[in-house]
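Residue-level structural notes
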Amino acid sequence: MSYDSVTATDVDPRAPGMHFLRDALDCENLGITLVEADDGWDGMEHDHAEDGQEEVYLLVDGSATLTVDGETVDLEPGDAVRVDGSDTRSLSFGADDSRMVIAGAP
């Protein structure tokens, strides 16, 4: 088969509101995550310096703030931000029923 498919919300969350789809889609390199969050949801600060994974954050609904190496980026639906693997990043949401797609690969 040349493709795999999954319904994101059928994948058990590995963290509150975070559906990691890499394994369910049998991806070799690409990681993709659906985040469904309410106002006040805060993610942990992290980087991908060891694996070199860059990530793209695409806000679909709601509002979010992405902090990259101490710089704050406010996001509205439709906004996308790419982050280098070596940069620290943390994410927080400012509206109920926010949805974001995060894609990453080395």
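Residues numbered from 1 in each chain as written. Predicted model: local features only at pLDDT ≥ 70, side-chain atom pairs only at ≥ 80, totals over all residues. Heavy atoms only, no water.

Quick word on the packing of aromatic side chains
Formally: Under the pairing criterion, centres of Phe, Tyr and Trp rings, with the six-membered ring standing for Trp, must be within 6.5 Å; the plane angle then separates stacked pairs below 30 degrees from edge-to-face pairs above 60, leaving the rest tilted. Each helix is a run of DSSP H or I of at least 4 residues and each strand a run of E of at least 2, with the numbering of both proceeding from the N terminus. Buried, partly exposed and exposed residues are distinguished by accessible area as a fraction of the type maximum, computed with a 1.4 Å probe on protein chains only: under 20%, between the cut-offs, and over 50%, respectively. The criterion is that NZ of a Lys, or CZ of an Arg, lies within 6 Å of the ring centre and within 35 degrees of the ring normal, and then a charge sits over that ring.
Taken as a whole and judged by the stated rule, the model has one aromatic pair. For the ring pair tryptophan 41 and phenylalanine 93, a centre distance of 5.3 Å and an interplane angle of 70 degrees mean the geometry is edge-to-face. Of this pair, tryptophan 41 sits in the loop between β2 (31-37) and β3 (54-61) while phenylalanine 93 sits in strand β7 (residues 89-93), and the two are 52 residues apart along the sequence. Each member of the pair, tryptophan 41 together with phenylalanine 93, is buried. Stacked on the ring of phenylalanine 20, the Lys or Arg arginine 14 has its end atom at 4.5 Å from the ring centre.

Quick notes on the layout of surface pockets
Going by this rule: Points on a 1 Å grid over protein atoms alone make up a cavity when a 1.4 Å probe fits among them but cannot get out, and a pocket when they form an open set with protein on both sides within 12 Å along at least five of seven lines; lining residues each have an atom within 4 Å of a point. Grid points are joined across faces, edges and corners, and a volume is the space filled by probe spheres set on the points. Under this grouping Gly is polar, as are all residues other than the nonpolar Ala, Val, Leu, Ile, Met, Phe, Trp, Tyr, Cys and Pro and the charged Asp, Glu, Lys and Arg.
The volume enclosed by the largest pocket comes to roughly 490 Å³. Lining the largest pocket are 22 residues, and of these Met18, Phe20, His46, His48 and Glu55 sit closest to its centre. Counting residues per element, the ones that place at least two in the lining of the largest pocket are β1 (18-20), β2, β3, β7 and β8 (98-105). Of the residues belonging to the lining of the largest pocket, the class tally is ten nonpolar, eight polar and four charged.

So, the sheet that holds strand β5 (residues 71-75)
Applicable threshold: Two strands are counted as paired when DSSP detects at least two bridges linking them. Here, axes are lines fitted to C-alpha atoms. For helices the fit covers the stretch in contact, and angles between N-to-C directions go from 0 to 180 degrees.
Taking strand neighbours across the sheet as the criterion, the three strands line up as β5-β4-β7 in an open arrangement whose pairing is antiparallel. At either margin of the open sheet sits one strand with a lone partner, and together these are β5 and β7. On average, adjacent strands in this sheet sit at an angle of 20 degrees to one another, irrespective of strand direction.

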